[in-house]
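Each chain, written out:
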Amino acid sequence: IKVDDTTANLSGIAYFLKFENVSSGSPSVNIFEAVGESSAYLSDTSVAAQQIQKTKLITVGTAEVQLPNQYIKTGDQVSPFVLEGKTAGKGDLTIIVKKDGNEVCKKAVTLDLRPIPAFYEKYVVTVSTGDDVNTTDGGNANSTTYTPETDEYVLHVHGWNMADWEKNRWTETVFKRLWWQRYKGHVGGFQWPTYTGSLTYDASEIRAWRSGQALNNRITSLNASYSGQVRVLAHSMGNVVMGEALRLFSSSVVHTYIAAQAAIPAHCYDNTIVNYWTSFTT
């Protein structure tokens with residue numbers, strides 16, 4: 001927010017925020033003072049450490065809420081804030097400047113706030129009985145309303161010992177990290193039925209291998225819609241699922257595959273790779 005110095009130095013000046021011209025939902029945001037004008041808090045850990053010390057100033061909905069004058073800088077400086085979406089909806093976030101209680105000027109920006117499941121697709125694989133993993137995922141389980149600008153597709157495959165809510169958070173984090181890198185394509189999460197608990201590694205690995213067919217089918221379907229644009233990011237035991245899915249293909253359909261902390265021997269891909277540790281055989 002930038003208020004000209006002449007206005008900012010007038011007596012009786014006060015600042016208010018509210019949503020006007022609401023066209024859907026009931027939008028509201030939490031407002032925090034920012035440590036600077038840039039988005040460095042997203043990539044610089046020292047700036048991020050400063051930013052998380054800032055506590056919420058106000059919550060803004062459709063009713064006017066006063067923003068304390070101390071947060072508006074004088075000297076024609078920009079007063080930076082970070083806003084956090086609280087409830088979904090679309091409307092004009094408006095700053096209203098008043099003198100002695102009378103409105104003298106205002107400025108607005110239109111915001112379309114949506115819950116994060118609206119921005120990514122989720123494919124959930126279940127088991128029929130025991131460790132009999134189904135070969136299809138049932139389609140997108142999210143009410144996705146976001147329309148990306150490009151046909152690029154990043155599919156995230158989680159690892160072992162993940163509760164359902166954790167599977168969601170990991171894919172949502174992938175989406176947010178890509179969003180802030182200005183990625184304008186699709187993001188999806190492939191959720192396979194790992195067991196949870198510290199003693200379930202071997203049992204989960206069986207399910208991971210058996211989930212390969214479902215992932216193969218999903219990638220095939222995605223590639224039909226986004227030919228040559230499917231990228232896969234698999235973490236930990238998710239690479240067992242991806243490895244089996246790739247083995248089942250008779251041709252190349254994946255643009256890029258990133259194996260992060262892969263819980264699978266490198267020899268499955270290249271038997272000339274030397275051992276990683278001298279005291280173990282890989």
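Because the structure is a prediction, the values reported are computed rather than measured.

Calculation rules
Residues numbered from 1 in each chain as written. Predicted model: local features only at pLDDT ≥ 70, side-chain atom pairs only at ≥ 80, totals over all residues. Heavy atoms only, no water. Helix = DSSP H or I, 4+ residues; strand = E, 2+ residues; numbered from the N terminus. Rg over C-alpha atoms; globule rule 2.2 N^0.38 Å. Buried < 20%, exposed > 50% of the residue type's maximum accessible area, 1.4 Å probe, protein only. Areas by Shrake-Rupley, 256 points an atom, 1.4 Å probe, with all protein chains shown as cover. Lys, Arg positive; Asp, Glu negative; His and termini not counted. Charge placed at Lys NZ, Arg CZ, Asp CG, Glu CD. Patch = residues over 30% accessible without salt bridge, like charges linked within 9 Å, V, L, I, M, F, W, Y side chains within 5 Å. Salt bridge = Lys/Arg side-chain N within 4 Å of Asp/Glu carboxyl O. Pairing = 2+ DSSP bridges. Right-handed = clockwise from strand over helix to strand, strands pointing away. Core = buried A, V, L, I, M, F, W, Y, C linked by side-chain atoms within 4.5 Å. Contact = heavy atoms within 4.5 Å. Axes fitted to C-alpha atoms, helices over the stretch in contact; angles between N-to-C directions.

Concerning the overall build of the protein chain
When its secondary structure is counted, the protein chain shows six helices and ten strands. Taken over C-alpha atoms, the radius of gyration comes to 25 Å for the protein chain, far larger than the 19 Å a tight globule of 282 residues would show. The proportion of buried residues among the 282 residues of the protein chain is 39%. On the protein chain, roughly 15,500 Å² of surface is accessible, and the fraction owed to carbon and sulfur atoms is 50%. Mean positive and mean negative side-chain charge positions of the protein chain (24 and 27 charges, respectively) differ by 3 Å.

Observations concerning a nonpolar patch on the surface
A surface patch of nonpolar side chains, about 300 Å² in accessible area, is lined by Leu-42, Trp-179 and Trp-180. Relative to the assigned elements, Trp-180 resides in helix H3 (residues 164–180). The exposure class assigned to Trp-180 is partly exposed, which follows from its relative accessible area of 45%.

What to know about the pairing of strand E8 (residues 186–191)
With six of six residues buried, E8 is to be regarded as a mostly interior element. Burial of E8 is two-sided: the residues His-186, Gly-188 and Phe-190 facing one way and the residues Val-187, Gly-189 and Gln-191 facing the other way are all buried. In the sheet, strand E7 (residues 153–157) pairs with E8 via five bridges, with the strands oriented parallel. Of the residues in E8, the one forming a bridge with His-156 is Gly-189. Read from E7 through H3 to E8, the crossover connection turns out right-handed.

Some remarks on the nonpolar core
Leu-155, Val-157, Phe-190, Leu-215, Ile-219 and Val-232 are the most contacted members of the largest nonpolar core, which has 26 residues in total. Mapped by element, the contributors of at least two residues to this core are E7, helix H5 (212–225), strand E9 (230–235) and helix H6 (238–247). With residues up to four places along the chain from it excluded, the contact list for Phe-190 reads Tyr-123, Val-125, Asp-137, Leu-155, His-156, Val-157, His-158, Ser-211, Ala-214, Leu-215, Arg-218 and Val-241. In this structure, Val-3, Tyr-15, Leu-67 and Val-97 belong to the second largest nonpolar core, which totals 17 residues.

A word on the pairing of strand E5 (residues 102–113)
In terms of strand pairing, strand E4 (residues 81–99) meets E5 through eleven bridges, oriented antiparallel. Across the sheet, Lys-98 pairs through a bridge with Glu-103, a residue of E5.

Observations regarding the sheet that holds E8
Hydrogen bonding along the main chain pairs the strands of a sheet, whether they run parallel or antiparallel. Spatially, the five strands line up as an open sheet ordered E6-E8-E7-E9-E10, and their pairing is parallel. Of all strands in the sheet, those with a lone pairing partner are strand E6 (121–124) and strand E10 (256–260), marking the two edges. Each neighbouring strand pair of the sheet contributes to a mean axis angle of 20°, computed without reference to strand direction. Relative to E8, E6 is paired through four bridges, and the arrangement is parallel. Bridged to Glu-121 within E8 is Gly-188. Strands E6, E7, E8 and E9 of the sheet are contacted by H5, whose axis makes an angle of about 170° with E7.

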